[in-house]
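Report on the structure
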Amino acid sequence: MSPTTSAPASIPFFSLPNWLSAAGHCGIDLGAILAEVGVDLATIEPQTTRVSCEAIARAMTICAVETHRRHPDRHFPFVLGTHFVFQYVPDIETFLATCGSLRDAERVFDWVRVLINPHLHQKIVERDGQAGVSLSWQDLPPALSGLFHDCIDMTMAASLKTARLLAGNAFALRSVSLRRTRPLVDARLYEEHFQAPVHFGQNEDAVWFDLHWLDAPLKSALPALHQRAAERVERQIAGMAQPEDSVAALLERSLVANPALLSQRLEEVADTLNLHPRTLQRRLREAGQNYSDLQARVRFHLASEWLKDGALSVESISERLGFADRRSFTQAFMRWAKVSPSQFRRVAGFP
């Protein structure tokens, strides 16, 4: 009963103002570049216009080439990353600005995947005594798999900017790993930007830093404001669907974006959709579904992802999914996958 999700071929162009700012800084004609990839700047509404992922990636590459031609000491993805703000999702900015620790900010990765880009997957990993943020673009046609290196560069630059804003300028990277075998610009620009050794041709795209930064208390922490911002983002996720989206799709999206809901009562879950619990149950029945099956589908999907990732223990996954204990989780997982969580993890290549 693993969910079958197909990510849309286009994404909202929320970041257009950031692109315009970065293009102005680099002295390139963004309108002409977007037109080259089939996007008319004159007709774009950042809050509603959707642009294909391929067009975004190709525009990023062209912007990088044009910037390098004019300014060999600049890399457009880095400029865009340092200009990036959640202009059209200000509650995410508020949530980030009031985090108690960098680990608290991890929730934003799920929100970005739901609200902005379903292909961009980011996660915190802990390995060999250090912490990192791993990035990947997923669910794309194989022909496009090599097109998104510059988009990864941009996302890394934006993540580093955010970490330094939250933790202060003392925050430093230990190293950067990139899948791309060689950069478009001089490799020294990468090390100057990240202020850390950069290794190309690696098995993953990730930035690495000292483990203590993950849970170091942040001076800007404001728990009450932080929680209210999170609640507003969750409500935005619940209400973002088009009219043709079903309540079941809305509910599944909310549970994936906020797994903590899996341990909540139906009344609290319904509240995230601004529905009465009886209304939610009735509309699920009308769609031929029930909450228990949908909850199980989301739990299996998340459990599979986290087990394959290898960063969380089985006990931690059980707790995150709202199970009473590891035994209950193991029994449920064996019903879904016909193997235990530990066996599933070994098949995925983790001890």
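Definitions and limits used
- Residues numbered from 1 in each chain as written.
- Predicted model: local features only at pLDDT ≥ 70, side-chain atom pairs only at ≥ 80, totals over all residues.
- Heavy atoms only, no water.
- Helix = DSSP H or I, 4+ residues; strand = E, 2+ residues; numbered from the N terminus.
- Rg over C-alpha atoms; globule rule 2.2 N^0.38 Å.
- Buried < 20%, exposed > 50% of the residue type's maximum accessible area, 1.4 Å probe, protein only.
- Contact = heavy atoms within 4.5 Å.
- Areas by Shrake-Rupley, 256 points an atom, 1.4 Å probe, with all protein chains shown as cover.
- Lys, Arg positive; Asp, Glu negative; His and termini not counted.
- Charge placed at Lys NZ, Arg CZ, Asp CG, Glu CD.
- Phe/Tyr/Trp six-rings, centres within 6.5 Å; stacked < 30°, edge-to-face > 60°.
- Core = buried A, V, L, I, M, F, W, Y, C linked by side-chain atoms within 4.5 Å.
- 1 Å grid on protein atoms, 1.4 Å probe; cavity = no way out; pocket = protein on both sides within 12 Å on 5 of 7 lines; lining within 4 Å.
- Points joined across faces, edges and corners; volume = space filled by probe spheres on them.
- Nonpolar A, V, L, I, M, F, W, Y, C, P; charged D, E, K, R; others polar.

1. So, the overall build of the chain
Along the chain, the regular secondary structure elements total 16 helices and 7 strands. Taking 351 residues into account, the globule formula puts the C-alpha radius of gyration at 20 Å, and the chain, at 21 Å, falls close to it. When its C-alpha atoms are laid out on the principal axes, the chain stretches across 60 × 50 × 45 Å. Counting only residues that meet the buried cut, the chain has 50% of its 351 residues in that class. The contacts of the chain with a sequence gap of at least 6 include a subset with a gap of at least 24, amounting to 65%. Counting every atom, the chain has about 17100 Å² of accessible surface; 50% of that belongs to carbon and sulfur. Looking at charge distribution, the chain has the averaged site of its 37 positive side-chain charges lying 4 Å from that of its 39 negative ones.

2. Digging into the packing of aromatic side chains
Under the counting rule described, the total for this entry stands at 17 aromatic pairs. Aromatic side chains Y190 and F200 sit 5.2 Å apart centroid to centroid with 80° between the ring planes, which places their arrangement in the edge-to-face category. Within this pair, whereas Y190 is found in helix α8 (residues 187-194), its partner F200 is found in the loop between β6 (198-199) and β7 (205-210), the two being separated by 10 residues in sequence. In this pair, the class of Y190 matches that of F200, namely buried. Aromatic pair F333 and F344: ring centres 5.3 Å apart, planes at 80°, arrangement edge-to-face. Highlighted residues: F333 in helix α15 (residues 326-337) and F344 in helix α16 (residues 341-347), separated in sequence by 11 residues. As far as burial versus exposure is concerned, F333 and F344 are alike and both buried.

3. Structural notes on the nonpolar core
When a protein is soluble and globular, its nonpolar side chains tend to lie buried together. Within the largest apolar cluster, 83 residues are counted, with the highest numbers of intra-cluster contacts made by W19, F76, F86, I92, W111, L173 and F194. Broken down by element, this core gets its largest block of residues, 9 residues, from helix α7 (residues 149-167). Once residues lying within four places of it in the same chain are set aside, the contact partners of W19 are F13, L30, I56, A59, M60, C63, F76 and L80. Counting residues in hydrophobic clusters, the runner-up holds 35 residues, among them A238, V256, V269 and F323.

4. Some remarks on unusual backbone geometry
Phi angles above zero are rare outside glycine, and Q195 is one such case at about 50°. By the secondary structure assignment, Q195 is in the loop between α8 and β6. For K338, which is not a glycine, the phi torsion comes out positive at approximately 70°. Considering the arrangement of structural elements, one finds K338 in the loop between α15 and α16. Judged by relative accessible area, K338 falls into the exposed class, the value being 67%.

5. Thoughts on the layout of surface pockets
Rolled over the atoms, a probe sized like a water molecule indicates the empty space that remains. Considered as a void within the structure, the second largest pocket measures approximately 900 Å³ in volume. If you go around the second largest pocket, you meet 48 residues; those closest to its centre are F84, F86, Q122, A158 and S159. Considering only residue class, the lining of the second largest pocket consists of 37 nonpolar, 8 polar and 3 charged.

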